[in-house]
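# Commentary on secondary and tertiary structure
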Amino acid sequence: MNKTLDELNKIFIDVVDEDDIVLNESTTAQDVEDWDSLNHIQFVVAIEKHFDIKFTSAEIASWQNVGAMVSAVEHKLS
Amino acid sequence: MEIGLVNVGDEFNEEFVLSEETHEGFMKVFKDRHPLHTSTKYANKYGFSSNVMHGNILNGYLSYFVGECFPLKQIMILAQDIKFSNPVYLGDKLLLVARVAAIHQSVSVVELSCRFTNSKAVTVAKAALSLRALTEMDVKEL
């Protein structure tokens, strides 16, 4: 698993408190039962804190799947 | 956006006195009459000087602070984590200091770091809150 994807997976597990969730780059919110709008907000907050980065609302709105999130994080860190 | 009314580092203070009315009201509503909260003799047995107030009364104070005192009005609590470090007794005067710890503009979230101290300046609880500033779209959905 991509290192960033692995870290996002761990963060997401912590947010939704479900140990058996495995995200991949094509995963979308519709694929995960616990990925509701409030968890999405908390997921973004947790990502920003974990990586010490900030997104814009436009960036977040452009994400189509977890792969886009991985790319966005890696772009911020590069 | 309303979230711009606060900045990281802003601090807000609010005082509370844990009154008999609050203690009785909490027990009336939530039915928790555990002897730790009602019996001095029982509390003494476990090393407390008197019956201990329910820790979740402090959660109520946080709710009051967010809903009635915090400058952002179109807001809701997303998450709240509280740790109790020392007992609170009937009649204690508590000072809540709430500091804006972080702002996540992208999702309109404000994080608060809160501390309750008693009149002896002893910390009785610390709490972390995530608040979501409601957007116009959110408000329309309500």
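So, a few notes on the structure that sits alongside this text. (Residues numbered from 1 in each chain as written. Chains lettered and ligands numbered in written order. Predicted model: local features only at pLDDT ≥ 70, side-chain atom pairs only at ≥ 80, totals over all residues. Heavy atoms only, no water.)

## Quick notes on the overall build of chain B
Along its length, chain B carries five helices and five strands. For chain B, the residues scored as buried account for 41% of the 142 residues in total. Within chain B, contacts between residues separated by at least 24 positions form 66% of all contacts whose residues are at least 6 apart in sequence. Summed over its atoms, the accessible surface of chain B is roughly 7,800 Å², and 52% of this surface lies on carbon and sulfur atoms. Counting 14 positive and 16 negative side-chain charges, chain B places the centres of these two groups 9 Å from one another. (Helix = DSSP H or I, 4+ residues; strand = E, 2+ residues; numbered from the N terminus. Buried < 20%, exposed > 50% of the residue type's maximum accessible area, 1.4 Å probe, protein only. Contact = heavy atoms within 4.5 Å. Areas by Shrake-Rupley, 256 points an atom, 1.4 Å probe, with all protein chains shown as cover. Lys, Arg positive; Asp, Glu negative; His and termini not counted. Charge placed at Lys NZ, Arg CZ, Asp CG, Glu CD.)

## As for helix α2 (residues 37-51) of chain A
Residues and elements named next belong to chain A. Taking 1.5 Å of rise per residue, 15 residues should cover 21 Å, and α2 covers 21 Å from first to last C-alpha, within 8% of that figure. For α2, the set of buried residues is Asn 39, Ile 41, Phe 43, Val 44, Val 45, Ile 47, Glu 48 and Phe 51. Backbone nitrogen of Leu 38 and a side-chain oxygen of the N-cap are separated by 3.3 Å at the start of α2; the cap is Asp 36. Where α2 ends, the next residue or the one after it, Asp 52, has phi of about 55°, a positive value. (Expected span 1.5 Å × (residues − 1). Polar contact = N/O pair within 3.5 Å; in protein donor to acceptor, adjacent residues only side chain to side chain.)

## Side note on the interface of chain A and chain B
On the side of chain B, 10 residues touch chain A, which itself brings 12 residues to the contact. Where chain A abuts chain B, roughly 900 Å² becomes buried across the two surfaces, and 65% of that area is made up of carbon and sulfur atoms. There are one salt bridge connecting chain A and chain B. Ionic pairing is found between Glu 111 of chain B and Lys 49 of chain A, a salt bridge with its closest N-O pair at 2.8 Å. The interface formed by chain A and chain B contains five residue pairs in polar contact (both at pLDDT 80 or more). Counting only elements with at least two residues in the side of chain A that touches chain B, the list comes to α2 and α3 (57-62) of chain A. For the side of chain A that touches chain B, a count of residues per class yields six nonpolar, three polar and three charged. (Buried area = accessible area lost by both parts, 1.4 Å probe. Salt bridge = Lys/Arg side-chain N within 4 Å of Asp/Glu carboxyl O. Nonpolar A, V, L, I, M, F, W, Y, C, P; charged D, E, K, R; others polar.)

By themselves, these are just geometric observations and shouldn't be taken as functional.
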